[in-house]
Structures are given as C-alpha cells and as structure tokens.
Amino acid sequence: MTEVTIAIDADNHLGETPIWSVADEALWWVNCENPPELHRWHPASGTHNVWPMPLRIGGFVHRQDGGILVALADGLYDFDPESGSLARRVASPLPPHVKLHECHCDRQGRFWIGAYDHDFPANPAADGGAFFRLDGDRLVPVITGIAVANGLAFSPDGRTLYAADAPKRAVRAWDLDPETGAISNEREFLRLVEGEGFVDGATVDSVGGYWLANVAAGRLRRYLPDGTLDRIVELPFTNPTKPAFGGPDLGTLYVTSTKLAMPAFKQPTMPNGPVYQLRPDETGVAETPFRGWNP
C-alpha cells in the first residue's frame, strides 16, 4: 500500500492548484478562500511563505519573465512576490457570481482557465462558467456551459486537453493543436458513477497517465491515455482537490485538500486541510511557465 503522509499542515479551507517550481525547488499552491492566500513551501528548508489576496483566488501560474499570474475572482493579475504588488492584466468577462477558478498553462505556455458559477448548487441548472484561453489581452471562451470547472490538464506531448464540469462526474478530452491552440474531437475520457465521489483537479505523469483527485471519496485515480482505469490510491482523508508532481526528481506527488463540507464516502483517519505527499512509481512533467499567446 502506498504510504501517504502530511507534507505540510497548511490548515487550508480550500487548498488548490499545487505547482512545483523547478526554478526555486518549492511547492506553490493557493487557499481559495477563508482567507484567500498564495502559499510557497521549500521542503529542503521548511520555509513557508503566505501572501494574502484581496479576493477569492482560483489559481495561478508562473510567468516566464518572472513573477506570478494569479486568477482572482474578477480577473487576471500580475503579482510580484518580492514587493507584494498586484496589477490587473485582464478583467473577467463574467458576471460577479461566476468567478475565475482553476487554471493551467499548456506545453506551449498558453494560459487556460475555467470558472465556477456560484449559483451552483443552490440552482442545479447553473452553468454560467466556461473554460477560456488567454489570447493576448482577451479571455476567449473555448468550452461553455460549465458549472464548476475542474480536471484541467494537458498530455505530455501537448496534443490532448482534459477538462471537466465537476457536477457531471465526467472528464472530457479534446485534441489540441499545438500551433494554433484550437481544440477538436471532443469525447468522454472517464466517468464516475454513483458512490464513487466527484471529479476535482488533475495532473499527468511523464508517460501520459491522468491522475484525478476523487474528492469526497478520498482517492486518487490514475487513468491510462485511452481512458482505462489503471489504479486507485486510497487516501487517509476524504477531500483531495488536486495532485501535482514535484521534488528534485519530480517523483513526489503532492495533494491539496479542502475542509469544505461534502458527503463523505469513507471514514477518514487523517484531517482535511493539509497538503499531503506520496511516492508513486511514476514521475511528473516540469510545468511550462506562462509565455503569452497572440493568435
């Protein structure tokens, strides 16, 4: 059985978007809300930095030219960790109740981001979110009709995009044109059934395995590139939100978690809120920083 331990007890209300920075050998992630924060932890030294954010933070990416691009509820902001300065780059095109959420860069350094319609779940039909691609200074909707954007990841060769609308309990895949950023050939990649929990964040390993955080069920699920379920890793806590490979060899899988109230499908032995770690047999892919994109 794979050993799962606490990497750092961050006590996050809604930990999300872990990213390993090869440049500074540190794990970065966010606490989306209560309170909104950007975190950085150096495993070698134990140094843990926290930057408060003025609004809900859905995610972030590192910029190739230095600094961080953060996704706050109402737009994308350039953030300088040294000075603490925050400058809005792009306003969200969405109404206030639909907030920018999970984000990631593809292998070419284009920025993609989803949104979360906060009318859900009170209104089960709410679907005002979308997945966007940042083209220059415009957030262009590419996948629409989304309630809660999740599962965003890119294959190691950059030719497949994965994304999910979490309430639907399914992850879909598209062919991604590396040159143009266009997507095509939509198909269902995986589907959870009743009793298997819900879809949350994901990452891929170096051979194309898709690792899904199975929130409420306390599991990680690894799928082969053809959608075949390869493995289930049982976790000692119930609410994993997103995995990310890190460490000097990209062989440690870090997993953020949330204390949000959810229907538990198992009895936990460890708390939600920390960042956890485990050592699977696979290694990850170094993340591509944001390079900008003008079609």
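What counts as what
- Residues numbered from 1 in each chain as written.
- Predicted model: local features only at pLDDT ≥ 70, side-chain atom pairs only at ≥ 80, totals over all residues.
- Heavy atoms only, no water.
- Buried < 20%, exposed > 50% of the residue type's maximum accessible area, 1.4 Å probe, protein only.
- Helix = DSSP H or I, 4+ residues; strand = E, 2+ residues; numbered from the N terminus.
- Pairing = 2+ DSSP bridges.
- Contact = heavy atoms within 4.5 Å.
- Salt bridge = Lys/Arg side-chain N within 4 Å of Asp/Glu carboxyl O.
- Axes fitted to C-alpha atoms, helices over the stretch in contact; angles between N-to-C directions.
- Core = buried A, V, L, I, M, F, W, Y, C linked by side-chain atoms within 4.5 Å.

K.L.:
With reference to specific residues and values, describe the pairing of strand E12 (residues 129-135).
P.N.:
The side chains of a regular strand alternate between both faces of the sheet. Here E12 lies mainly inside the structure; 7 of its 7 residues are buried. Alternating residues of E12 divide into Gly129, Phe131, Arg133 and Asp135 and Ala130, Phe132 and Leu134, and every residue in both groups is buried. Strand direction decides the pairing type here: E12 and strand E13 (residues 138-146), joined by 7 bridges, are antiparallel. The residue bridging Arg133 from the neighbouring strand is Val140, located in E13. Hairpin connection between E12 and E13: a loop of 2 residues separates the two successive antiparallel strands, and Gly136 in this loop has a positive phi of roughly 65°.

K.L.:
Before we move on, could you go through the environment of Gly151 and cite the residues and values that matter?
P.N.:
Structurally, the position occupied by Gly151 is in strand E14 (residues 149-154). Remark: the alpha-carbon pair of Gly151 and Arg221, spanning 70 residues in sequence, is separated by 12 Å. Discounting chain neighbours no more than four positions away, the residues touching Gly151 are Glu102, Tyr162, Ala163, Ala164, Asp200, Gly201, Ala202 and Tyr210.

K.L.:
Can you explain the pattern of salt bridges? Please cite residues and give values.
P.N.:
Enumeration according to the criterion identifies 23 salt bridges in this entry. Arg63 serves as the salt-bridge partner of Asp65, at 2.9 Å between the closest nitrogen and oxygen. A relative accessible area of 18% means that Arg63 is categorised as buried. With its nearest N and O atoms 2.8 Å apart, the salt bridge here joins Arg279 to Asp249. Placement of the pair is Arg279 in the segment after strand E24 (275-278) and Asp249 in the loop between strand E22 (240-246) and strand E23 (252-257), with a sequence separation of 30 residues. Under the relative-accessibility criterion, Arg279 is labelled partly exposed at 48%. On the basis of relative accessible area, Asp249 is assigned to the partly exposed category, the value being 40%. Bridged by salt links that share partners, the residues Asp205, Arg222, Asp230, Arg231 and Glu282 form one connected network.

K.L.:
Account for the sheet that holds strand E21 (residues 229-234), with residues named and values stated.
P.N.:
Strand pairing within a sheet occurs via backbone hydrogen bonds; the two strands may be parallel or antiparallel. The sheet built from 4 strands is open, its strands ordered E18-E19-E20-E21 with antiparallel pairing. Across the chains shown, the open sheet's two edge strands, defined by having one partner strand only, are strand E18 (198-204) and E21. Direction aside, the axes of adjacent strands within the sheet are offset by 25° on average. Judged from the 5 bridges that link them, strand E19 (residues 210-215) and strand E20 (residues 219-223) form a sheet pairing that is antiparallel. Counterpart to Asn214 in the pairing with E20 is Arg219.

K.L.:
Go over the sheet that holds strand E5 (residues 48-52), please, and point to the residues and values.
P.N.:
The strand order across the open sheet built from 4 strands is E2-E3-E4-E5, with neighbouring strands paired in antiparallel fashion. A single partner strand is all that each edge strand has here, and the edge strands are strand E2 (15-21) and E5. Pairs of neighbouring strands in the sheet enclose a mean axial angle of 20°, with direction left out of account. Inspection of the sheet shows strand E3 (residues 26-31) paired to strand E4 (residues 37-41) by 5 bridges, in the antiparallel sense.

K.L.:
I'd like a rundown of the nonpolar core, residues and numbers included.
P.N.:
Across soluble globular proteins, nonpolar side chains show a tendency to be buried alongside one another. Membership of the largest hydrophobic core comes to 18 residues, with the highest contact counts inside it found for Leu76, Phe111, Ile113, Leu134, Leu139 and Phe290. Going through the elements one at a time, strand E7 (68-72), strand E10 (98-105), strand E11 (111-117) and E12 are the ones with two or more residues in this core. Counting residues per element, this core draws most heavily on E10, at 4 residues. Not counting residues up to four positions away in its chain, the partners in contact with Phe290 are Val61, His62, Arg63, Gln64, Leu69, Arg89, Cys105, Gly109, Phe111 and Leu134. In terms of nonpolar packing, the next biggest core, distinct from the first, is built from 16 residues, Cys32, Met53, Val70 and Tyr77 among them.

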